[in-house]
Amino acid sequence: MKKKWNVAVMSVILAASMAAGGCGGSAAPAGTSAAPAGSAAASSGAGEGAKEDPASAQEVVTIQIGFENTTEEPIGKAVEKWAELLEAESNGTMKLQLFPNSALGSKSELIDQMIMGENIITIADGAFYADYGVPDLGILYGPFFFDNWDEVWKLIDSDWYKAECGKLADKGLTVLASNWMYGERELMTKTKVVTPADIKGQKIRLANSQIYVEGFNALGATAVPMALGDVYTSLQNGTLDGVENPLSTLYGQSFQEVSKNILMTGHILNFTTWCIGTDYLNTLTQEQQELLFRTGEEAGLYNNELQDAAKDDYYKLLEEAGVTFTELTDEERALWKEASLSFYEKGSQFGWSDGLYDTVKTAIQ
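No experiment lies behind these values; they were computed from the predicted model shown. (Residues numbered from 1 in each chain as written. Predicted model: local features only at pLDDT ≥ 70, side-chain atom pairs only at ≥ 80, totals over all residues. Heavy atoms only, no water.)

**Q** Explain the pairing of strand β4 (residues 173–189) to me, please; I cannot follow it from the model alone.
**A** For a regular strand, the rule is simple: side chains alternate between the two faces of the sheet. Summarising burial for β4: 17 of the 17 residues are buried, a large majority. Across four bridges, the pairing between β4 and strand β7 (residues 242–245) is antiparallel. Bridge assignment links E186 to a residue of β7, and that residue is N245. (Buried < 20%, exposed > 50% of the residue type's maximum accessible area, 1.4 Å probe, protein only. Helix = DSSP H or I, 4+ residues; strand = E, 2+ residues; numbered from the N terminus. Pairing = 2+ DSSP bridges.)

Below is the structure:
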């Protein structure tokens, strides 16, 4: 079951959850992410670094939002929706300036700038946050960790997740929204693969994150960190043998023109988050901060509706473009899950807490 909520009700609940603190808030529905404990907008610190009188601030606050996707993809359209909502609900005093297609820089570059106080929002997930001081969040993006979306949403609403978001805010990054579905990540290759043995040694593009890279290395591939914008040419010239991402992104990047096989692994049930530098967030008024949280959540609802509607459409579009789809049998999926276990045995290498795998699995039961 994918998360969908009534926006009006969600907004009221979100306001209450901000007062309660925590990433997602104990009063919020599963999958929402209000101000994390320790962040600028949490009740214990909301507005501590903010201006006192938001109504008197008439200057237009412009925040840059950089992301890898195109504006034709569901997530890109939802970012446009976010910009519309923020401008409307702030009466034109707050605006998002969009930079799709990595036009503002790579994710790592943007996060580094955000920590230094720049006025930037970007899309990220636990695999990246693991590299920025909160290693335990990385486990959520290991291969074949979740069996279904219900587990994802239950995890996001857990005390464990809220506490981890609080740690991240203390490191300089505040999560604005966690309820954005990115999709099931599938494996697209130039030659057909079905089992982990088939992928052994193949060069597969992964985002530049230790978690993603080591996760696919554990499955037998040769992971190649690379910006998404460079993948098309690399598939075309043979530098890469494959790439993984949700169907919407694979199609949006036109990879079907240079790679014709997709294995429906669903190896990561990928929810994603939008984050902002905590120091920059503290330069905004409390009202402005709350507008960012609320409109980010509202746009997340819109994104999830688009993702639901688009999945079948992208499947058909890719099929019409000559892509061959392969579905895993239960036995074949078991082989992939077994291969993935070696990744979770490397917890100390990633700086994970002792017993983390069992801790998180318990949280989603």
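**Q** Would you mind going over the environment of D150 with me for this structure?
**A** With respect to the element layout, D150 can be found in helix α5 (residues 149–156). Its relative accessible area of 40% is what places D150 among the partly exposed residues. Note: C-alpha distance between D150 and I364 (214 residues apart in sequence) is 8.5 Å.

**Q** Even after reading the chapter, I still don't get the pairing of strand β2 (residues 94–99), so can you show me in this structure?
**A** Looking at chain direction, strand β1 (residues 61–66) and β2 are connected through six bridges and run parallel. Of the residues in β2, the one forming a bridge with V61 is M94.

**Q** Explain helix α6 (residues 159–170) here, please?
**A** Because each turn of an α-helix spans 3.6 residues, side chains separated by three or four positions end up pointing in the same direction. For α6, built from twelve residues, the straight-helix expectation of 16 Å at 1.5 Å per residue is met to within 8% by its first-to-last C-alpha distance of 17 Å. Taken as a whole, α6 has its buried residues at W160, Y161, K162, E164, C165, G166, L168 and A169. On its buried face, α6 sits against α4 (126–129), α5, β4, β8 (261–277), α11 (278–281) and α14 (356–363). One or two steps after α6, the chain reaches G172, where phi turns positive at roughly 115°. (Expected span 1.5 Å × (residues − 1). Contact = heavy atoms within 4.5 Å.)

**Q** Even after reading the chapter, I still don't get unusual backbone geometry, so can you show me in this structure?
**A** Excluding glycine, residues mostly have negative phi values, and the peptide bonds linking residues are mostly trans. You will see that N91, though not glycine, has its phi angle at about 55°, which is positive. Notably, S102 is not glycine yet its phi reads approximately 60°, a positive angle. Secondary-structure assignment places S102 in the loop between β2 and α3 (107–115). Judged by relative accessible area, which is 22%, S102 ranks as partly exposed.

**Q** Sorry, what's going on with the environment of K107 here?
**A** You can see K107 is positioned in helix α3. Separated by 120 residues in the primary sequence, K107 and A227 place their C-alpha atoms 8.7 Å from one another. With near-sequence residues (within four places) excluded, K107 lies in contact with E68, I123, A124 and F128. For K107, the side chain forms a polar contact with the main-chain oxygen of I123, separated by 2.9 Å. (Polar contact = N/O pair within 3.5 Å; in protein donor to acceptor, adjacent residues only side chain to side chain.)

**Q** Help me out: how do you make sense of the side chain of T326 in this one?
**A** Along the chain, T326 falls in strand β9 (residues 324–327). The exposure class assigned to T326 is buried, which follows from its relative accessible area of 13%. If sequence neighbours within four positions are ignored, T326 has contacts with K192, V194, I262, L263 and M264.

**Q** Explain the confidence of the model for the protein here, please?
**A** Low pLDDT marks regions whose predicted coordinates should not be analysed in detail. Per-residue confidence for the protein gives a mean pLDDT of 86; residues scoring 70 or more make up 84%. Low pLDDT, under 50, characterises residues 1–22; the predicted model gives this stretch 60 contacts beyond four residues in sequence or across chains. When the criterion is pLDDT under 50, residues 24–49 qualifies, and its contacts beyond four places in sequence or with other chains add up to 101 contacts. (pLDDT = per-residue confidence, 0-100.)

**Q** What is the right way to read the packing of helix α8 (residues 210–218) against helix α13 (residues 330–344) from this model?
**A** For any two helices packed against each other, one specifies the inter-axial angle together with the distance between the axes. Running from amino to carboxyl end, α8 crosses α13 at an angle of 135°, the nearest separation of the two axes being 8 Å. On the basis of the axis angle, α8 is oblique to α13. In this structure, the crossing between α8 and α13 has a hand that is right-handed. Contacts from I211, E214, G215 and A218 of α8 reach α13 at A339, S342 and F343. Across the contact of α8 with α13, the residue classes tally to four nonpolar, two polar and one charged. (Axes fitted to C-alpha atoms, helices over the stretch in contact; angles between N-to-C directions. Parallel < 35°, antiparallel > 145°, perpendicular 65-115°, else oblique. Left-handed = near helix turned anticlockwise from the far one by under 90°. Nonpolar A, V, L, I, M, F, W, Y, C, P; charged D, E, K, R; others polar.)

**Q** Is there a simple way to think about empty space enclosed by the protein in this case?
**A** Space left empty within the atom packing is revealed by a probe, the size of a water molecule, rolled over the atoms. Scanning all chains against the criterion turns up five cavities of 30 Å³ or more. The volume enclosed by the largest cavity comes to roughly 170 Å³. What lines the largest cavity is a set of 16 residues, and nearest its centre among them are E68, K107, D125, Y182 and R185. At the level of elements, β3 (120–124), β4 and β8 are the ones that each hand at least two residues to the lining of the largest cavity. The class makeup of the residues in the lining of the largest cavity is seven nonpolar, four polar and five charged. Taken as a whole, the second largest cavity spans an internal volume of roughly 50 Å³. Around the second largest cavity, the lining residues are Y141, G142, P143, L206, I211, Y212, G215, F216, E244, H267 and I268. (1 Å grid on protein atoms, 1.4 Å probe; cavity = no way out; pocket = protein on both sides within 12 Å on 5 of 7 lines; lining within 4 Å. Points joined across faces, edges and corners; volume = space filled by probe spheres on them.)

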